[in-house]
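Results of the structural survey
Spelled out, the chains give:
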Amino acid sequence: MLKIYLLCLCAISLGINGCSQSQNSDQYPYRERDINTVKSLYKAYQTNDMKTAADLLADNYKEFGPAIGDTINKAETIDNNNGIYEFHSDIQYNDLEFYANDGHKGKHWVRVYGVWKVTHKETGKTVDVRYYEVFRIDEDGKIAELHTYWDTMDYWKDLDYEVTKKTEEDKQ
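In this text, all values refer to a predicted model and were calculated from it rather than measured experimentally. (Residues numbered from 1 in each chain as written. Predicted model: local features only at pLDDT ≥ 70, side-chain atom pairs only at ≥ 80, totals over all residues. Heavy atoms only, no water.)

1. Focus: the pattern of salt bridges
One pass over the full model with this rule turns up five salt bridges. In this structure, the salt-bridge partner of aspartate 55 is lysine 51, at a minimum N-O distance of 3.1 Å. Placement of the pair is aspartate 55 and lysine 51 together in helix H3 (residues 50-56), with a separation of four residues, close to one helical turn. The class of aspartate 55 is partly exposed, set by a relative accessible area of 41%. As a salt-bridge pair, lysine 125 and aspartate 160 come within 2.7 Å of each other at their nearest N and O atoms. (Salt bridge = Lys/Arg side-chain N within 4 Å of Asp/Glu carboxyl O. Helix = DSSP H or I, 4+ residues; strand = E, 2+ residues; numbered from the N terminus. Buried < 20%, exposed > 50% of the residue type's maximum accessible area, 1.4 Å probe, protein only.)

Right under this line is the structure:
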C-alpha cells in the first residue's frame, strides 16, 4: 500500500512540475512576442481600434466559439467587434492571465483567462463575463485562430434574464 501511495505522490509531483514548466517556459523563444500580440489585440478591441485589430489577424484567421458551430472569419470578427460598441460602453478586459507555449506539432499557442466587463447601453447594467481563450499564432507572428469559451448565460443573468423550463402548457 505504501508503494502505491508513493508512486501516486511521485506521479502527481511530476505532473505538476511538468505542467508549470511547459506553460511559460523560458525556453520558448516566441513567448514574449506571442503574448504581446494578444495583448495588443485586447488593447485594440478595448479602444475600438479595429484597423490595428485587423492588422494583428492573419488573412486566413478563424474564430471558434463560444457555442458549437460558431465559426467566423477575419472580416466577420472585425464586424462583430464593431457591433459590440453599438450595444456596450466602457469595455474592459480585466484579471488577465497569459500562458504561452509551443504546443502540438510546434504551433505557437497563447492561453488567456480573464473577465470581460462592459456597460450595457440600453439598461446601464454592468456585465462581467469570465472567459478562457486560446490563440494560435502563426509563423509571421499574426493571430491565426481563436478558440473562445465563456458561459453565455453569465451575460444574460447580469441583465436580469432568467432561464425557465417550459411547462407542458407552454409547449402547446
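2. Regarding helix H4 (residues 74-87)
With 14 residues, H4 extends 21 Å from end C-alpha to end C-alpha; this agrees with the ideal 20 Å at 1.5 Å per step. For H4, every residue scored as buried is listed here: Lys74, Thr77, Ile78, Asn81, Ile84 and Tyr85. The buried residues of H4 occupy an angular sector of 105° when projected down its axis, which confines them to one face. In H4, the exposed positions that point more than 90 degrees away from the buried face belong to Ala75, Asp79 and Glu86. Each element contacted by the buried residues of H4 is listed here: helix H2 (31-46), H3, strand E1 (57-64), strand E2 (71-73), strand E3 (88-102) and strand E4 (108-120). Near the N-terminus of H4, the side chain that reaches the backbone nitrogen of alanine 75, with its oxygen 3.1 Å away, is that of asparagine 73. (Expected span 1.5 Å × (residues − 1). Arc of directions from axis to C-beta. Contact = heavy atoms within 4.5 Å. Polar contact = N/O pair within 3.5 Å; in protein donor to acceptor, adjacent residues only side chain to side chain.)

3. Things to note about the nonpolar core
One finds Val38, Leu41, Tyr42, Val110, Val112, Trp116 and Phe135 to be the most contacted residues of the largest nonpolar core, which totals 33 residues. For this core, the secondary-structure elements that each account for two or more residues are H2, H3, E1, H4, E3, E4, strand E5 (126-137) and strand E6 (143-150). Of the residues forming this core, the biggest block, six residues, is contributed by H2. (Core = buried A, V, L, I, M, F, W, Y, C linked by side-chain atoms within 4.5 Å.)

4. Quick word on the pairing of E4
Successive residues of a regular strand alternate their side chains across the two faces of the sheet. E4 sits mainly inside the fold: eleven of its 13 residues count as buried. Note that E3 and E4 share eleven bridges and pair antiparallel. Bridge pairing links tyrosine 93 to tryptophan 116 in E4. Bridge count for E4 against E5 is twelve bridges, and the pairing is antiparallel. Counted as the bridge partner of valine 110 is phenylalanine 135 from E5. Hairpin remark: E4 followed by E5, antiparallel, with five residues in the connecting loop; positive phi at glycine 124, about 75°. (Pairing = 2+ DSSP bridges.)

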